[in-house]
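# Analysis of the macromolecular model
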Amino acid sequence: MYRQPVLKNRRTLLERAEKFISDIYFTDCNLRGRLYGDSCPLESIASHLSAERIPFAEAVEQDFSPYSPGDTFGPTWWTCWFRVTLTIPESWRGKEVHLLWESDGEAMVWRDGQPVQGLTKEGEKTSYILTECLKEEDSHSVTLYVELACNGLFGAGHGSMIAAPDPNKKYSVQKAELVVFNRDTRELLTDFEMLVDIVKQLGEGEQRGYQALFTVNEMVNLCDPADPNTFSKAHSLAHKFFTQRNGQSQHTVHAMGHCHIDSAWLWPYDETIRKCGRSWVTVIRLMESNPEFVFTCSQAQQFHWVKSCYPGLFSQIQHYVKNGRFIPVGGTWVEMDGNLPSGESMVRQFLEGQRFFHQEFGIYCKEFWLPDTFGYSAQLPQIMQGSGISNFLTQKLSWNLVNVFPHSTFFWEGLDGSHVLTHFPPGNSYEMKGKVEDLVNTVRNNKDKGRANHSAALFGFGDGGGGPTQLMLDRLKRVQDTDGLPKVQMSSPDKLFSQLRAESALLCTWTGELFLELHNGTYTTQAEIKRGNRQCEALLHDIEVVSSLALWRDKAFRYPSDQIRELWRLLLLNQFHDVIPGSCIEMVVEDALGYYKDIRSIGGRLLRDALRALGSKEQEVVSAAVFNSLPWERNEVIELQDGAGQSGLALVRVPSCGLAAVKVTQPVAPVSVTVQADGTVLMENGILRTIVNKDGSLASLYLVSASREAISDDCCGNQFVMFDDIPLYWDAWDVMDYHLQTRKPVLEVVQPAQVVSSGGLRGSISFTLRISDRSTITQEIVLDALCPYIKFNTQVNWAESHKFLKVEFPVQVRSPNATYEIQFGHVQRPTHRNTSWDWAKFEVWGHKWADLSEHGFGVALLNDCKYGHSVYKNTMTLSLLRAPKAPDANADMGTHHFTYAIMPHTGSFQDASVIQHAYNLNFPLRSTQCCADTMPWSAFSVGSPAVILETIKRSEEKNALVVRLYESYGSSVTTTLYTTLPLREAWHCDLLERPDSLRPAAVTSAGITLNFSPFQIVSLLLFL
């Protein structure tokens, strides 16, 4: 028998196979061109265009007009509903029939009043299966509705994905027809695709790659695209290749379906609800036909949306959750930013998320799931452990711009020493496609070879939703155990982490924060969102404290649990990792600011009601009073309004977590403000003495008790500086290191420093600078009696483009590290740039304060709503405003108000009470009224200044109060929580408020004795 010669030209054989399955070349005669058989037009298609996202029941009652494919509609963010009437030809009996639908919007198919399938061309879902095998008894005439959103999977960016949306974009349906789908052709195409990819990925150095090459070439020889009878022989060759097995030592890939959906990003919150519906109903369809398919899904908020808007779909999800195939993961309300939310906000993310999952599905998540946020706080391990979570999955550090993170699987040790088993999928993606490339990269990129032989592969379209496809599942099925590739098993997070933990003896440990060396601009972008977050966190804290105490003081008071929960959920939603960072479109910014407005409005009313319950009663003579929500006594100057609405100043002393009537007192050392001969202004209060130049900069800042100058020689503090701010691509996200080379001081004076208040309880001066012909800074510098810091109340009219505004304080302190407040503690970061790990932190995040100290002396920089910092050598810098143009073309434009403060001190920042003063700046004393004869009273106090009483709230489920404390200095301490409340018993509990039956708190007549290790968080249930 004559044998054909064996060709050895790799390129020609490979390209031959590629062209055989190409959707561009030779489709008239190749296999791809046979994917669809006969086709026929729809019987009719009619449309209704709506500016609103109306529900199905309302949509079907609208007037529909005839529509022809190719006709345009829109604009962006509108919705076009289609009524599709079709009749399947009798001659197609026994065949698989699809509705083929291609459009440039995101579509949902509705059948019999229920959502049944998402269709998105970008997500490779362009057909809806009408029947897998048309039978005689099947209905051949069907009416469907298609809900089409006028936006793509990634919004509607004008010219690029992250550009601001094009509001006038038009959309169309390019194809809408009935087709016969040739399933055997699809199966053989998948065989070819996988073999071609094996050839490419294994390369010329691997024998197995050549085996794949010759196998696929023989398949082309055997297969006649026009004759399906030839397909089986080609498929048999592929099957023989795929079933040649691995050895026992091969790496195992745990494949899990996934659909990362940003709760808002390049689209508004309301569109995310529909993205969830479209994506998850498609997952349910896949589960019905793929019994091995497992899907992981995070964010309780999104489940809550689907429950409200798609109750039928939610019931199906509950069924598959019970069967262990639709797996809720993460345990949080949303996939929040990992840097900016406060410690208590992070606790509430887990509290709300875990409680929702337990109430709806009867489960608590065991793994924290945060694949796409911009860094991870060093306190997260402790917060995870306290929320019943011991495993963590992410992959974002693969985006590092400078250093390659050294691990894929490791133990992450938090600030307090808590450990969580952590896995970064080595394929460096949370939206794989089940391709050979994904599997090969998973093995090649594993940085813990020899220590960990299992990895996750998350497959499915993500960010904008979409999720897995049948094709992805078919790819993975073929290579479950194929020689030359890792083993693949459909798995779950629990199986993965159980396997990793069982083989964890050689794993390494990473201690401290997981700092993302990218997206540093998100600490500053969209300043109003940052301000709203900080202020609303403080407001909700105060509402809970006052309401908890009112519950005890006034038996008629009703704790507003439901309202507080709804406000918290709004705040938590805005902490999503593309909202609070500011990396979202303008529509999302407007929604977020609207939610903050609602929190302030409703929360303000709740706070007033609770304060009223704490204070005066009807028919009683009342007096002005002040409430202090913080756990230490405060002696401060505040503004008060009299009965006629006139404001004035008062020096008040208020006990910890308590209330006091306003008593007129005078400071021992009043503030003095003196204009000097050279035009500078001298301000002093017995603690600080400062000289302010005409341009508002500080020529001197002198700590009287230490006889120490804080400002560096020949330098000025409070120096505003501008930088060019043009990143490589990610505009709202990134500030690049090279921006530091473009520094320009703001020097033009519009209004020189002038005295506003000449002293006594408060001294202040104001001035105005011109940044450019479009932007100005007006600032009031304030020095209060008894206050150890100078405040800078700032207004900026901002209309810049790709500029970055900061303020600098060069100080007379030398230290290799600066300290920054984070959630429930602080971290140190270098002030030098010795290594690439050091200089990658040229812009870092912090919360209410940053401090630079040497032995015996230091300077702290406090703020009320800023998060971006840098300390290089001896210059402390606070980042104020950016001006990116994508994805929000108007980001940060407008008027901004914020306050920062400078505080020189002796000793350490702990001993100087920097932490407490930063709290004071952020948590204002609350004005109220009380009975005229009310004596000052305190509900709680703590014996050690190292321990902060962070939270007082009512328990979610028990008739008890929850108090949360943390050790803030980094010390081991035994202290007492004192209370005047009638305490019966107290129990330790976790962050989900579940009591530890083995740990009753040590209650004495003086209070509750507590032991803390450094940065430890302690939660208690108090039964009164």
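Keep in mind it's a predicted model, so treat the numbers as computed, not measured. (Residues numbered from 1 in each chain as written. Predicted model: local features only at pLDDT ≥ 70, side-chain atom pairs only at ≥ 80, totals over all residues. Heavy atoms only, no water.)

## Notes on the overall build of the protein
Check the secondary structure of the protein and you find 18 helices and 56 strands. For 1024 residues, the compact-globule formula gives about 31 Å, and the C-alpha radius of gyration of the protein, at 32 Å, lands near that figure. Principal axes of the C-alpha set define a box for the protein whose edges measure 110 × 65 × 60 Å. Pairs at least 24 residues apart make up 74% of the contacts formed inside the protein by residues separated by at least 6 positions. For the protein, the exposed area adds up to about 37900 Å²; of that, 49% sits on carbon and sulfur atoms. In the protein, which carries 94 positive and 116 negative side-chain charges, the distance between the mean positions of the two groups comes to 3 Å. (Helix = DSSP H or I, 4+ residues; strand = E, 2+ residues; numbered from the N terminus. Rg over C-alpha atoms; globule rule 2.2 N^0.38 Å. Contact = heavy atoms within 4.5 Å. Areas by Shrake-Rupley, 256 points an atom, 1.4 Å probe, with all protein chains shown as cover. Lys, Arg positive; Asp, Glu negative; His and termini not counted. Charge placed at Lys NZ, Arg CZ, Asp CG, Glu CD.)

## Digging into the environment of L607
With respect to the helices and strands, L607 occurs in helix 16 (residues 586-614). As a C-alpha pair, L607 and L540 span 67 residues in sequence and 8.7 Å in three-dimensional space. Each residue touching L607, except ones within four places of it in the same chain, is listed here: L539, D542, I543, V546 and R926.

## Looking at the pattern of salt bridges
One pass over the structure, following the stated rule, counts 52 salt bridges. For E513, the salt bridge identified is with R829, shortest N-O distance 2.8 Å. Pair noted here: E513 is in the loop between strand 21 (509-511) and helix 14 (527-553) and R829 is in strand 39 (residues 825-830), with a separation of 316 residues, a long-range link. Here E513 and R829 have matching classes, each one buried. Each of R53, E106, E147, E271, R274, K275 and R278 takes part in salt bridges that share partners, so that together they form one network. (Salt bridge = Lys/Arg side-chain N within 4 Å of Asp/Glu carboxyl O. Buried < 20%, exposed > 50% of the residue type's maximum accessible area, 1.4 Å probe, protein only.)

## Topic: the pairing of strand 49 (residues 947-954)
In terms of burial, strand 49 is a largely internal element, 7 of the 8 residues being buried. Alignment of strand 49 against strand 50 (residues 961-967), held across 7 bridges, turns out to be antiparallel. Within strand 50, the residue paired with K953 across the bridge is V962. (Pairing = 2+ DSSP bridges.)

## Topic: the nonpolar core
Counting residues in each nonpolar core, the largest one holds 262 residues, and the members touching the most others are W280, F326, L805 and F940. The element that contributes the greatest number of residues to this core is helix 14, accounting for 12 residues. Those residues in contact with F326 that sit more than four places away from it in its chain are W280, V283, I284, M287, F295, C297, F303, I317, Y320 and V321. (Core = buried A, V, L, I, M, F, W, Y, C linked by side-chain atoms within 4.5 Å.)

## Examining the packing of aromatic side chains
Two measures describe an aromatic ring pair: the distance that separates the ring centres and the angle between the ring planes. On inspection of all chains with the given rule, the structure shows 51 aromatic pairs. Measuring from centroid to centroid gives 5.1 Å for F20 and F192, while their planes differ by 50 degrees, and the two rings are tilted. Of the two residues, F20 is situated in helix 1 (residues 10-20) and F192 in helix 3 (residues 183-202); the sequence distance between them amounts to 172 residues. In this structure F20 comes out as buried when scored by relative accessible area, which is 10%. The class of F192 is buried, set by a relative accessible area of 0%. (Phe/Tyr/Trp six-rings, centres within 6.5 Å; stacked < 30°, edge-to-face > 60°.)

## Some details on the sheet that holds strand 44 (residues 875-882)
Sheet strands pair via backbone hydrogen bonds, and the direction of the pair is either parallel or antiparallel. Here 6 strands make up an open sheet; going across it, the order is 32-31-37-44-43-40 and the pairing antiparallel. Taken across any chain shown, the strands that pair with only one partner, and hence form the sheet edges, are strand 32 (744-745) and strand 40 (844-845). Direction of pairing for strand 31 (residues 719-724) relative to strand 32: antiparallel, over a ladder of 2 bridges. Within strand 32, the position partnered with V721 by the bridge is P745.

## Things to note about the pairing of strand 17 (residues 409-413)
Strand residues, when the strand is regular, have side chains that alternate between the two faces of the sheet. Most of strand 17 is tucked away: 4 of the 5 residues are buried. Two elements, strand 17 and strand 18 (residues 419-423), share 5 bridges in a ladder whose sense is antiparallel. Each residue of the ladder has a partner; that of T409, found in strand 18, is H423. As consecutive antiparallel partners, strand 17 and strand 18 are separated by 5 residues, and within that stretch G417 has a phi angle of approximately 100 degrees, a positive value. In the sheet, strand 17 pairs with strand 21 via 3 bridges, with the strands oriented parallel. Residue pairing in the sheet places F411 in a bridge with T509 of strand 21.

## A short note on helix 5 (residues 231-242)
In this model, helix 5 (12 residues) spans 16 Å end to end at C-alpha, consistent with the 16 Å of a helix rising 1.5 Å per residue. If you check which residues of helix 5 are buried, you get F231, A234, A238, F241 and F242. On an axial view of helix 5, the arc spanned by its buried residues comes to 95 degrees, and they lie on one face. Along helix 5, exposed side chains directed more than 90 degrees from the buried face belong to K233 and K240. Residues of helix 5 that are buried make contact with helix 3, helix 4 (207-222) and helix 12 (470-478). (Expected span 1.5 Å × (residues − 1). Arc of directions from axis to C-beta.)

## Things to note about unusual backbone geometry
Here the amide bond leading from G74 into P75 is cis, since omega sits at 10 degrees, within 30 degrees of zero. Summarising the element assignment, P75 is placed in the loop between strand 4 (72-73) and strand 5 (79-87). With an omega of 5 degrees, the peptide bond running from A886 to P887 counts as cis. Looking at the secondary structure, you find P887 in the loop between strand 44 and strand 45 (894-906).

## A closer look at the sheet that holds strand 25 (residues 658-661)
Judged by pairing direction, the sheet is antiparallel, and its 4 strands sit side by side in the order 46-22-25-47 without closing on themselves. Looking at which strands have only one partner, the edges of the open sheet turn out to be strand 46 (926-931) and strand 47 (937-938). Pairing between strand 22 (residues 622-628) and strand 46: 6 bridges, direction antiparallel. Note that in strand 46 the partner of V626 across the bridge is S927. Contacts between helix 16 and the sheet are confined to strand 22, strand 46 and strand 47, with strand 46 contributing the most and set at about 30 degrees to the helix. (Axes fitted to C-alpha atoms, helices over the stretch in contact; angles between N-to-C directions.)

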